[in-house]
Amino acid sequence: MKYWLIKSEPDVWSIDQQKKAGIKGAPWDGVRNYQAAKNLKSMRKGDLCFFYHSNIGKEIVGIVEVIKEAYLDKTDKSGRFVAVTVRFLKKLNKSVSLEDIKKNKQLSHLSLIKQSRLSVMPIDSKSWKILNNMGKI
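Attention in this report is confined to the structure presented alongside it.

The rules behind each value
- Residues numbered from 1 in each chain as written.
- Predicted model: local features only at pLDDT ≥ 70, side-chain atom pairs only at ≥ 80, totals over all residues.
- Heavy atoms only, no water.
- Helix = DSSP H or I, 4+ residues; strand = E, 2+ residues; numbered from the N terminus.
- Buried < 20%, exposed > 50% of the residue type's maximum accessible area, 1.4 Å probe, protein only.
- Lys, Arg positive; Asp, Glu negative; His and termini not counted.
- Salt bridge = Lys/Arg side-chain N within 4 Å of Asp/Glu carboxyl O.
- Polar contact = N/O pair within 3.5 Å; in protein donor to acceptor, adjacent residues only side chain to side chain.
- Contact = heavy atoms within 4.5 Å.

**A few points about the side chain of Lys 7**
Turning to step 1, where the next piece is worked out: In this structure, Lys 7 sits in strand β1 (residues 3–8).
Turning to step 2, where the next piece is worked out: No salt bridge forms around the buried Lys 7; measuring N to O, its nearest opposite-charge neighbour Glu 9 is 9.7 Å away.
Turning to step 3, where the next piece is worked out: Within polar-contact distance, the side chain of Lys 7 engages the backbone oxygen of Leu 118 at 3.4 Å.
Turning to step 4, where the next piece is worked out: Not counting residues up to four positions away in its chain, the partners in contact with Lys 7 are Trp 28, Tyr 52, Ser 54, Leu 112, Ser 116, Arg 117, Leu 118, Ser 119 and Met 121.

Right under this line is the structure:
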C-alpha cells in the first residue's frame with residue numbers, strides 16, 4: 001500500500017462533500033498537471049490519501065481510500081488526463097495545518113512544502129505516521 005496527499009479547495013469539493021458521496025465515493029478529477037496526473041496513475045486500489053483543504057484552511061482534514069484506479073477523466077476533452085475514485089474513510093480528530101507541518105523538521109522533505117502547487121503527491125510511510133499522530137489518529 002502507498003500513501004498520498006490530494007488537495008481540493010473546500011469551496012469546490014470539501015471533506016464534508018466527500019463524506020456525503022458515501023460508499024460509492026466520487027471521482028478525483030480535474031487534475032491537469034502532468035506530475036500530479038502521473039501520481040494519479042500510480043495509485044492502486046486500497047491506497048490511502050490525506051485529504052487536504054487548499055487555499056482556504058491549508059490543512060489536512062481527513063483520509064480517503066482509492067477504490068477505483070486511474071481511468072479517463074470525463075472532464076478532460078483532450079483525453080490525456082485521468083481520474084481515480086476515492087471514498088471517505090474518516091476526518092482527522094485535529095486538522096493538521098500547513099504551518100504545523102512546516103514546523104516539523106521530520107517533514108521538511110515533503111512535496112507539500114517543496115512543490116506547494118502540486119495537487120497530488122506521494123507521502124512516505126514514516127511521514128504518514130507522523131501526520132496521523134499530529135492529527136490525533
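**Overview of the pattern of salt bridges**
Turning to step 1, where the next piece is worked out: One pass over the structure, following the stated rule, counts 7 salt bridges.
Turning to step 2, where the next piece is worked out: With a closest N to O distance of 3.4 Å, Glu 99 and Lys 103 form a salt bridge. Highlighted residues: Glu 99 and Lys 103, both in helix α3 (residues 98–103), separated by 4 residues, approximately one helical turn. Here Glu 99 and Lys 103 have matching classes, each one exposed.
Turning to step 3, where the next piece is worked out: For the salt bridge of Lys 103 with Asp 100, the shortest nitrogen-to-oxygen distance reads 4.0 Å. With Lys 103 and Asp 100 both in helix α3 and 3 residues apart, this pair spans about one turn of that helix.
Turning to step 4, where the next piece is worked out: Take Lys 103: its relative accessible area is 58%, and that puts it in the exposed class.

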